[in-house]
Amino acid sequence: IRLWNLYRSGFFASPLRLGQVATESSYPILTISPDSRWLFYVNSLWDLAPLAREQDTEQLRLGDIEAVVAVFSPDSRWLAIASKPGRYLLDTRS
């Protein structure tokens, strides 16, 4: 997964590599929060806000979650995850 900082000046912007696409998951889950601050992929949540300050993203690994569905709330505060072992509700403000 690569993320480009479109605010960086100049025509060519180097991508930020967030991770490799998982081959063990039959349906890898990727979702971005409505405010574009958060990115959830497979079992990790990235805070993309540091990119605005030209700093590295912050990654939170969520363990052995095998997400089937992941959805952010309209205000981007909550991330609801349905997975094989159970359901999770994460507060992105904490």
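Structure shown above.
Engineer: How should the side chain of serine 44 be read in this particular structure?
Structural biologist: Relative to the helices and strands, serine 44 resides in strand E5 (residues 44-47). A relative accessible area of 2% means that serine 44 is categorised as buried. Among the polar contacts listed, one links the side chain of serine 44 to the side chain of asparagine 43, at a separation of 3.5 Å.

Engineer: Would you explain the pairing of strand E8 (residues 78-83) in this entry?
Structural biologist: Residues in a regular strand point their side chains to alternate faces of the sheet. Because side chains alternate across E8, one face comprises the buried residues Leu79, Ile81 and Ser83, and the other comprises Trp78, Ala80 and Ala82, none of which is buried. Where strand E7 (residues 67-72) and E8 come together, 5 bridges link them in antiparallel fashion. In the strand pairing of E8, valine 71 is matched with alanine 80. Bridge analysis of E8 against strand E9 (residues 87-91) gives 5 bridges, and the strand direction is antiparallel. Bridge pairing in E9 links isoleucine 81 to tyrosine 88. The loop that links E8 with its antiparallel partner E9 comprises 3 residues.

Engineer: How should the sheet that holds strand E3 (residues 30-32) be read in this particular structure?
Structural biologist: Sheets are built from strands paired through backbone hydrogen bonds, the pairs being either parallel or antiparallel. Across the sheet, which stays open at both edges, the 4 strands sit in the order E3-E4-E5-E6 with antiparallel pairing between neighbours. With one partner strand each, in any of the chains shown, E3 and strand E6 (58-61) form the two edges of the open sheet. Looking at each pair of strands side by side, their axes are set apart by 15 degrees on average, direction ignored. Relative to E5, strand E4 (residues 38-41) runs antiparallel, the two being bridged by 4 bridges.

Reading the values: rules and limits
- Residues numbered from 1 in each chain as written.
- Predicted model: local features only at pLDDT ≥ 70, side-chain atom pairs only at ≥ 80, totals over all residues.
- Heavy atoms only, no water.
- Helix = DSSP H or I, 4+ residues; strand = E, 2+ residues; numbered from the N terminus.
- Buried < 20%, exposed > 50% of the residue type's maximum accessible area, 1.4 Å probe, protein only.
- Polar contact = N/O pair within 3.5 Å; in protein donor to acceptor, adjacent residues only side chain to side chain.
- Pairing = 2+ DSSP bridges.
- Axes fitted to C-alpha atoms, helices over the stretch in contact; angles between N-to-C directions.

So, to be careful, I would describe these as geometric facts and stop short of saying anything about function.
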